[in-house]
Amino acid sequence: MKKSLLYICLVILACNAGCNDKDFLNVAPTNVLQNDQLWNDEGLILSVLADLYDRYPDRQTDVNNSPIPSMVVQTIDNWGEFARFDEAFASENGQYWRHGASDYPYVFPGMIVKGGAEVTYWDYAYIRELNIFIAKCGTSVKLKQEVKDRFIAEARYLRAVVYFEEVKRVGGVPLVLQPMEYDYKGDPAYLQHARAKESEIYDFVISEMDTVKKYLPSSPISKTRATVGLALATKARAALYAGSIAKHGVTTPQVSLPGGEVGIPLAKANEYYTIALNAAKELISSGSYSLYKKNSDNLTQNFISLFIDKGANPEVIFAKDFKLQSGRVQPWTLWSQPRSNAEEQQGGRLNPSLNLVQSFELLDNTFAPLNINAAGGGYMYYSDPLDLFANRDPRLAATVMLPGSDFKDKKLDIWAGYIRKNGEIVTGDNFGAKAKLEPGGPDVQVVGYDGPVNNLEFSAQSGFIVRKYMDPTVGSGRIGTQSEVWWIRYRYAEVLLNAAEAAFELAQPDVAAGYINQVRERAGFKIPLKATDITFDRIVHERKVELAFEGHEFWDMKRWRLAHKVWNGVKTNLTTNPGKSDESSTRVFALWPYKVYDPGSPNNGKYIFKQVLPGAVTSTHGFRLGNYYAAINDDIRSNNPKIVKNPNQ
């Protein structure tokens, strides 16, 4: 039996595809089928397509990172990847290595783990199956033409996405668009393809989006299958990435190869930026999507709801969905719920960093460190810990659980201990630990039930807990239930920010301001940015706070060629200029609240804050020039001598 038919027999197994489209969720199970049976049966073809959608590559899902033995995890599983750099702290014993390692291995950003080792994402098995699907589906004689066209367009969309994910990681890769078969006659050299230029892969992705959108539905109702809107959003993102590499790559000329497999000429930058802007404009002008504003009277809650509301959400373009009834669930809330109200003995893992928290502006459009020290020396005192964060971007409290905030109708208990008048700290080494504040006095609670406690896993060691994507429904923090909150891959706000960046790079700051102000107005800013306010630093900042914990930071820093500047391996203090795009940020800092113990003083019982470095942060993040493109594994290059090695490795 040929491998193509073997593939058909294997992948046609029933699967509850992660989506909210009725036809996907109700695909009937099937057994091994013959070739002609499959490709002339719409339902069976749909089940194969559902399997192909289910393997869509996400950076945060490439590694099975489950701390629970035998758990089959789905999307949003690899929470630890968000603690790779300076966005968050990983509060789990098995993840502290992220804060103790210095240089990153050259396979990074491979993001795939096989046999305990990280390897490069190089998924030609998936590409081959997509090529087979495209070829075989085209032979069907019983499908309606519009159905066949849509199926093929969806498979071509997925194939282009795989190439997009590969080029982001390793640069140019072999562009294989036909299902290759080995003839078992000896020399397999005819199956070996050289790497295409990096620009050629981006050109392919862009061109495919133009082709497939002709056959995809224009309706925005579907959020889990390819649509015209998704094709345009993907085209805009891919072109923006290519334009960025062309423009900013000149600052790192050594990150290139003479054959163009890595690196894009500066001369192509404006062409790509123009494509990105025009694609974004086409999507915007279609009116099919809009910013989520269902809770416009409560801006923080509005931003929270954006990520968990699956009912006619106008902002979501494409998402990986989950359904409790189908058993397709995800553990994001289980793993990072506050320990003080955890439904299981799980939680507290992903702690947003002070680095990120202080990046959220004041509502007057200015940047300022959090006010923890008085002008004349000493501490600032707060009756409510939330007062420290007053008058800041409402997206902060929607992205990060702050000390004193609520989750599931219960106030978080984040404080590190009591501080006496003389500066002495009274604390404990466990959640809600007790101690005496006075000799012979009663034992009282001296640390929060959420921590923080240094090196105590699951405690809020940064002083914060992630809020974005957290599910407030009962059961979402239980191992046996978990959550059906979806994972949004493309949303309208990103399209606006992509348009703003492309317009800025094309010397259209007024156009850029118009797009970026839409996002900021929804966030709660009353003072619009002027064209003269739009700088590269502003572009970088707005993406950082709007898209935090959505998997964009790493790719953005790579394409802007900022990664080696910001994560430069130098041991520096926390920046006081968070709005500057190239400020060094190599360690994860924390902010711990303490209660004041000073009986008789007006400050007794109030809170002060200390900036600290978590104990597990023992090294600095060092992103090397060789990390811009992942190393291509030795076995791949041994099997195909036409594959050239990536630079600086």
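Each remark here, short or long, concerns the structure printed above.
Since the structure is predicted, the reported quantities are computational estimates derived from the model, not experimental observations. (Residues numbered from 1 in each chain as written. Predicted model: local features only at pLDDT ≥ 70, side-chain atom pairs only at ≥ 80, totals over all residues. Heavy atoms only, no water.)

Peer 1: What is the right way to look at the overall build of the protein chain in this model?
Peer 2: Within the protein chain, the regular secondary structure consists of 19 helices and 16 strands. A compact globule built from 649 residues should have a C-alpha radius of gyration of about 26 Å, and the protein chain, at 26 Å, falls within 12% of that. Each of the three principal axes of the protein chain carries a C-alpha extent, and together these read 90 × 50 × 50 Å. Residue burial in the protein chain is summarised as follows: out of 649 residues, 60% are buried. Here the analysis covers contacts within the protein chain between residues at least 6 apart in sequence; of these, 71% occur between residues at least 24 apart. (Helix = DSSP H or I, 4+ residues; strand = E, 2+ residues; numbered from the N terminus. Rg over C-alpha atoms; globule rule 2.2 N^0.38 Å. Buried < 20%, exposed > 50% of the residue type's maximum accessible area, 1.4 Å probe, protein only. Contact = heavy atoms within 4.5 Å.)

Peer 1: Any chance you could explain the pattern of salt bridges here in plain terms?
Peer 2: For the structure on display, the rule yields 45 salt bridges. Of the charged contacts in the structure, one is a salt bridge between Arg 159 and Glu 208, with a shortest N-O distance of 3.3 Å. Linking Arg 159 in helix 6 (residues 145-170) with Glu 208 in helix 7 (residues 198-212), this pair joins segments that are 49 residues apart in sequence. Glu 208 matches Arg 159 in its accessibility class, with the two residues each being buried. For the salt bridge of Glu 271 with Lys 268, the shortest nitrogen-to-oxygen distance reads 4.0 Å. Among the charged side chains, a network of salt bridges with common partners joins Glu 315, Glu 361, Asp 393, Arg 395, Lys 468, Arg 491, Arg 520, Arg 522, Arg 538, Glu 542, Glu 546 and Glu 550. (Salt bridge = Lys/Arg side-chain N within 4 Å of Asp/Glu carboxyl O.)

Peer 1: Whenever I open this one, the packing of helix 15 (residues 509-523) against helix 16 (residues 536-546) confuses me. Can you help?
Peer 2: Relative orientation and spacing of two packed helices are given, respectively, by the angle between their axes and the distance between those axes. The interhelical angle for the contact between helix 15 and helix 16, taken along N-to-C directions, is 40°, at an axis separation of 12 Å. Judged by the inter-axis angle, helix 15 sits oblique to helix 16. With respect to the hand of their crossing, helix 15 and helix 16 are arranged in left-handed fashion. For the pair helix 15 and helix 16, contact is made by Ile 516, Val 519, Arg 520 and Arg 522 and by Arg 538, Ile 539, His 541, Glu 542 and Glu 546, respectively. Counted by class, the contact of helix 15 with helix 16 contains 3 nonpolar, 1 polar and 5 charged residues. (Axes fitted to C-alpha atoms, helices over the stretch in contact; angles between N-to-C directions. Parallel < 35°, antiparallel > 145°, perpendicular 65-115°, else oblique. Left-handed = near helix turned anticlockwise from the far one by under 90°. Nonpolar A, V, L, I, M, F, W, Y, C, P; charged D, E, K, R; others polar.)

Peer 1: Which parts of the structure should I look at to understand unusual backbone geometry?
Peer 2: Peptide bonds are trans in most cases, and residues, glycine excluded, mostly fall at negative phi. Residue Pro 452 is reached from Gly 451 by a cis peptide bond, and omega for that bond is 10°. Relative to the helices and strands, Pro 452 resides in the loop between strand 12 (443-445) and strand 13 (465-466). The backbone of Lys 408 sits at a positive phi, close to 55°, despite the residue not being glycine. Within the secondary structure, Lys 408 sits in the loop between strand 7 (406-407) and strand 8 (410-411).

Peer 1: Quick question: what am I supposed to make of the pairing of strand 14 (residues 487-491) here?
Peer 2: Each regular strand displays side chains that alternate between the two surfaces of the sheet. Across the 5 residues that make up strand 14, a large majority, 5, are buried. Where strand 4 (residues 316-320) meets strand 14, 4 bridges bridge the pair, whose relative direction is antiparallel. Within strand 14, the position partnered with Lys 320 by the bridge is Trp 487. (Pairing = 2+ DSSP bridges.)

Peer 1: Teacher, can you tell me more about the nonpolar core here?
Peer 2: Core analysis: the largest hydrophobic core is formed by 116 residues, its most contacted members being Phe 133, Phe 151, Tyr 157, Tyr 163, Tyr 202 and Tyr 490. With 14 residues, helix 6 is the single largest residue contributor to this core. In this structure, Tyr 202 is in contact with Phe 164, Val 167, Lys 168, Ala 238, Tyr 241, Ala 242, Ile 245 and Ile 264, ignoring residues within four places of it in sequence. In this structure, Trp 335, Leu 370, Ile 465 and Tyr 607 belong to the second largest nonpolar core, which totals 58 residues. (Core = buried A, V, L, I, M, F, W, Y, C linked by side-chain atoms within 4.5 Å.)

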